[in-house]
Amino acid sequence: NKIAEIINGGSITTSSKAPIIQDDEVNVYYKVKTQKHGWLPKVKNLEDYAGWQNSPIIGLAIKVDKGSIKYRVHVKGGKWLGWITQYNIKDKIKGYAGNGNPIDAIQIYYSTPSDIRPYKKTKYKVNSYSWQHDTETKNNQDGYAGLFGKNVTKLQITIE
C-alpha cells in the first residue's frame with residue numbers, strides 16, 4: 001500500500017525521535033561540611049575545590065544539572081554509609097552523605113541520560129591523591145577516592 005501511495009504521488013512519512021546530543025557539557029555542583037567551619041560555599045566543576053586545609057570533611061552534598069549522580073562516604077574508623085542521590089543539606093538522612101564523623105573515602109557514580117553521548121563519568125579526587133573515575137577498579141584505581149584512616153580535607157569533581 002505504501003509503495004502504491006508513493007507511485008500515485010504520495011509521500012513517505014517518518015517518525016521523528018529526539019536527537020542524541022553529542023558531547024553535551026554536564027555541570028556538577030558540590031559542597032562540603034568541615035569539622036571546624038561547617039558548610040562551605042558550593043563549588044561548580046573544577047572552578048575551585050571544596051574543603052578547608054587541615055579541617056576534616058564530615059558532610060558532602062553533590063548534584064548535577066543533567067543526568068543523575070549517586071555518592072557515599074566512608075567514615076574514619078567506621079564503614080561505608082548508604083548511597084545518597086539528593087542534594088539537601090537540611091535533610092540529615094537522605095539529603096547529603098556523612099554522619100558528623102571525619103570522612104576518609106568517597107565514592108561517586110554518574111548516570112548519563114539517554115540523550116547525551118558518548119557516556120560520561122565522574123572524575124574526582126581528594127586531597128592530593130590520584131583521580132578516580134566513577135567506581136572503576138581498573139588502571140590502578142581502587143573504586144573510591146581517599147585513603148582509609150586519613151582525613152579527607154579537599155575534594156574536586158568534574159563530569160567528563
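The following refers to the structure shown. (Residues numbered from 1 in each chain as written. Predicted model: local features only at pLDDT ≥ 70, side-chain atom pairs only at ≥ 80, totals over all residues. Heavy atoms only, no water.)

In this section: the overall build of the chain. When helices and strands are tallied, the chain shows one helix and 13 strands. Secondary structure elements in the chain, listed N-terminal to C-terminal, are α-β-β-β-β-β-β-β-β-β-β-β-β-β. Counting only residues that meet the buried cut, the chain has 42% of its 160 residues in that class. Long-range pairs, those at least 24 residues apart, make up 62% of the contacts in the chain between residues at least 6 apart in sequence. When the accessible area of the chain is evaluated, it comes to approximately 9400 Å², of which 48% is carbon and sulfur surface. (Helix = DSSP H or I, 4+ residues; strand = E, 2+ residues; numbered from the N terminus. Buried < 20%, exposed > 50% of the residue type's maximum accessible area, 1.4 Å probe, protein only. Contact = heavy atoms within 4.5 Å. Areas by Shrake-Rupley, 256 points an atom, 1.4 Å probe, with all protein chains shown as cover.)

A word on the side chain of His74. Take His74: it is sitting in strand S7 (residues 68–75). In this structure the side chain of His74 is engaged in a polar contact, spanning 3.4 Å, whose partner is the backbone oxygen of Gly78. Reaching out from His74, the side chain makes a polar contact with the side chain of Asp104 at a distance of 2.6 Å. Discounting residues that sit within four places of it in the chain, His74 has contacts with Lys79, Trp80, Pro102, Ile103, Asp104, Ala105 and Phe148. (Polar contact = N/O pair within 3.5 Å; in protein donor to acceptor, adjacent residues only side chain to side chain.)

It is worth spelling out the nonpolar core at this point. Side chains that are nonpolar tend, in soluble globular proteins, to be buried together. Within the largest apolar cluster, 32 residues are counted, with the highest numbers of intra-cluster contacts made by Ile62, Tyr71 and Ile106. Mapped onto this core, the elements with two or more residues apiece are strand S2 (28–34), strand S6 (57–64), S7, strand S8 (103–111), strand S10 (122–126) and strand S13 (154–159). Those residues in contact with Ile106 that lie beyond four places of it in its chain are Leu60, Arg72, Val73, Trp80, Tyr124, Val126, Tyr144, Ala145, Val152 and Leu155. (Core = buried A, V, L, I, M, F, W, Y, C linked by side-chain atoms within 4.5 Å.)

Take the sheet that holds S7 next. Strand order in this open sheet of three strands is S7-S8-S12, and the pairing throughout is antiparallel. Either end of the sheet is taken by a strand with one partner, and the two such strands are S7 and strand S12 (145–146). Where S8 meets S12, two bridges bridge the pair, whose relative direction is antiparallel. Opposite Ile106, over in S12, you have Ala145 as the bridge partner. (Pairing = 2+ DSSP bridges.)

Our focus in this paragraph is unusual backbone geometry. In this model, Arg117 is joined to Pro118 through a cis peptide bond whose omega is 0°. By the element assignment, Pro118 lies in the loop between strand S9 (116–117) and S10. The phi dihedral of Asp134 is positive, around 45°, even though this residue is not glycine. Mapped onto the elements, Asp134 comes out in the loop between strand S11 (132–133) and S12. One non-glycine residue, Asn140, adopts positive backbone phi at about 65°.

With that settled, consider the pairing of S10. Taken across its five residues, S10 has five buried, putting it largely inside the fold. With burial as the criterion, each face of S10 is covered, one bearing Thr122, Tyr124 and Val126 and the other bearing Lys123 and Lys125. Bridge analysis of S10 against S13 gives five bridges, and the strand direction is antiparallel. Note on S13: the bridge partner recorded for Lys125 is Gln156. Alignment of S10 against S11, held across two bridges, turns out to be antiparallel. The residue bridging Tyr124 from the neighbouring strand is Gln132, located in S11. Between the antiparallel neighbours S10 and S11 lie five residues, among them Asn127 with a positive phi of about 45°.

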